[in-house]
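Coordinate inspection notes
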Amino acid sequence: MTMTGRQRFAAVFRGEQPDRVPVTLFIQDQGHFVNQLHPEIDPWDWQALQLATIEVQRDLGVDIMARLLFGTLDEFQWMLLGGLDVSRSTDDWQVETTARIEGRTTVRTSVIHTPEGELRQEYSIDEIRPGTLMYACTEKPVHGREELELVAAYEPRMLPDYPARLAARVSPIREAVGDDGWVGLWAPHGPFNMASLLITEDVLYSVFIEDPPYYQRLMEVSLERTREYMRACDAPGVDILFVGGNVPGGFIGRPNYERYVLEWERRQIALAQAGGTPAVYHNCGQIRSLVEAYKGLGVAAVEPFSPPPKLGDADLAEAVRLVGDDYVIIGGVDQVDVIQRGTLDEVRRATEAAMLAGKPGGHFVLQNADFLEYGTPMENVAAFVETARQHAAY
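Here is what the cut-offs are and how they apply
- Residues numbered from 1 in each chain as written.
- Predicted model: local features only at pLDDT ≥ 70, side-chain atom pairs only at ≥ 80, totals over all residues.
- Heavy atoms only, no water.
- Helix = DSSP H or I, 4+ residues; strand = E, 2+ residues; numbered from the N terminus.
- Rg over C-alpha atoms; globule rule 2.2 N^0.38 Å.
- Buried < 20%, exposed > 50% of the residue type's maximum accessible area, 1.4 Å probe, protein only.
- Contact = heavy atoms within 4.5 Å.
- Phe/Tyr/Trp six-rings, centres within 6.5 Å; stacked < 30°, edge-to-face > 60°.
- Pairing = 2+ DSSP bridges.
- Axes fitted to C-alpha atoms, helices over the stretch in contact; angles between N-to-C directions.
- Expected span 1.5 Å × (residues − 1).
- Bend = angle between axes of the 7 residues up to and from the residue.
- Salt bridge = Lys/Arg side-chain N within 4 Å of Asp/Glu carboxyl O.

1. Focus: the overall build of the protein
A count of helices and strands for the protein gives 13 helices and eleven strands. For the protein, the C-alpha radius of gyration of 21 Å lies close to 21 Å, the compact-globule estimate for 394 residues. Viewed in the frame of its principal axes, the protein has a C-alpha envelope of about 65 × 50 × 35 Å. Within the protein, the proportion of its 394 residues that are buried is 58%. Sequence separation of at least 24 residues holds for 70% of the intrachain contacts in the protein that already meet a minimum separation of 6.

What follows is the structure in structure tokens.
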């Protein structure tokens, strides 16, 4: 019997073998590929952009995976992309924000006044082309224990109406996807990623060895400031949650990951999956040395197994052998050198190779490794889909 996209994803995540490997596309819901297809859509019209990503997936005949980020998470969106919640003030969290333009970049400088001291951050929005924006906290707000405790004590907590607002944003997307796939939501990152949005990475990559008590407190605060939002993300209509875990990548080594990072990430995954919704741990860089360590997360799936030589170091066949049925593998055709820049023949060969490597055992979803870039030829995307489906049957 031919399954729907929704049934196909559900079977894989239940540990059952579907009629074929699910084939989907990772399309970011602002800028990049959707901006290429629909330059007429206002980049701040979140729902129109999200509906457009669904439309193109349906037209291409893939199992739809809507990945909601922009405009869906409201005030938490800015915490997820970098820094503190400077979207509002309270009696104990008085925010003053000024903006300046530097070429194509808008830099927002925020000073936050609390009863016990001040915090300062810079947040940059870089419009790399019309309609495509990149976001980063370019001056981190935490430089030591004192600032960290200000964040813990005074940063505003989630507003009571947040879950209802989130559910209202998800509802039309769920309706649009229907039985053709799943609705995914970018939930709070793992605590190591969240910490990287507060302190500089040169400090983060050494603090767990140089100052273990401070590192422990950093992880505790990173978990606590996202706890309520994580619970709210398990909203009606959400089928799967995506949790960022790329900052503690394979380059830190399996011993360091298992000793200093794994337990904290595991706690975030447990919270994400507490209501029964599966989570995906997202590491879009080096992953090969951590494939087995990720079994300790208790997570339903890991992505995107970025292939070498430029995007990552994943070996899909090896990963399938090592993982078994401990988690679902989602990946992993190079979206830059293959789908964006490759010939049609190169797209077909890479797609067939990834499918044949990933599908043994049935715990696999094929997609482009990371989001499709601006300037990706539609004929290459169609060749990816067509080839994947030709080789997807079990």
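2. Side note on the packing of aromatic side chains
Under the counting rule described, the total for this entry stands at 20 aromatic pairs. Between tryptophan 186 and phenylalanine 242, the ring centres sit 5.1 Å apart and the planes meet at 35°, which makes this aromatic pair tilted. One end of the pair, tryptophan 186, is in strand β6 (residues 181–186); the other, phenylalanine 242, is in strand β7 (residues 240–244), with 56 residues separating them in the sequence. Phenylalanine 242 sits in the buried class, given a relative accessible area of 1%. An aromatic cluster of at least three residues, connected via ring pairs, comprises Trp44, Trp46, Phe70, Trp78, Tyr123 and Tyr135.

3. Details of the sheet that holds strand β5 (residues 132–139)
Pairing between the strands of a sheet is mediated by backbone hydrogen bonds and can be parallel or antiparallel. Read from one edge to the other, the open sheet built from four strands follows the order β2-β3-β4-β5, with strand pairing classed as antiparallel. The open sheet terminates on both sides in strands that have one partner only, identified here as β2 (94–102) and β5. Neighbouring strand axes in the sheet, compared pairwise and without regard to direction, differ in orientation by 20° on average. Direction of pairing for strand β4 (residues 117–129) relative to β5: antiparallel, over a ladder of seven bridges. Of the residues in β5, the one forming a bridge with serine 124 is alanine 136. Along the sheet, helix α5 (residues 145–154) makes contact with β3 (105–114) and β4, crossing β4 at roughly 85°.

4. Looking at the environment of proline 160
You can see proline 160 is positioned in the loop between α5 and α6 (162–177). As a C-alpha pair, proline 160 and glutamate 228 span 68 residues in sequence and 10.0 Å in three-dimensional space.

5. A closer look at the pairing of β6
With respect to burial, β6 is a largely interior element, six of its six residues being buried. Bridge count between strand β1 (residues 64–68) and β6: five bridges; the pairing is parallel. Its bridge partner being in β6, isoleucine 64 is matched across the sheet by glycine 181. Examined bridge by bridge, β6 and β7 share three bridges and lie parallel to one another.

6. Quick notes on the sheet that holds strand β11 (residues 364–368)
Overall, parallel pairing links the seven strands, which are arranged β1-β6-β7-β8-β9-β10-β11 in an open sheet. Either end of the sheet is taken by a strand with one partner, and the two such strands are β1 and β11. Neighbouring strand axes in the sheet, compared pairwise and without regard to direction, differ in orientation by 25° on average. Two strands pair when backbone bridges link them, and strand β10 (residues 328–333) and β11 are joined in this way by five bridges, in the parallel orientation. Across the sheet, residue isoleucine 329 finds its bridge partner in β11, namely phenylalanine 364. Contacting β7 and β8 (279–282), helix α10 (residues 254–272) runs over the sheet at an angle of about 155° to β7.

7. So, α6
Between its first and last C-alpha atoms α6 spans 23 Å; for 16 residues at 1.5 Å apiece the expected length is 22 Å, and the two agree. Of all the bends in α6, the greatest reaches close to 25° and is centred on valine 170; the proline proline 172 follows between one and four positions later. Three or more residues of α6 are buried, namely Tyr162, Leu166, Val170, Ile173, Arg174 and Val177. The secondary structure elements touched by the buried residues of α6 are α1 (5–13), α3 (46–60), β1, α4 (75–81), β6 and α9 (212–233).

8. Brief notes about the pattern of salt bridges
Applying the stated criterion to the full structure yields 33 salt bridges. Notably, a salt bridge pairs arginine 6 with aspartate 239, separated by 3.0 Å at the nearest N-O pair. Taken together, the positions of arginine 6 in helix α1 and aspartate 239 in the loop between α9 and β7 put the pair 233 residues apart, joining distant regions of the chain. When salt bridges with common partners are traced through the structure, they connect Asp74, Glu75, Asp161, Arg165 and Arg169 into a single cluster.

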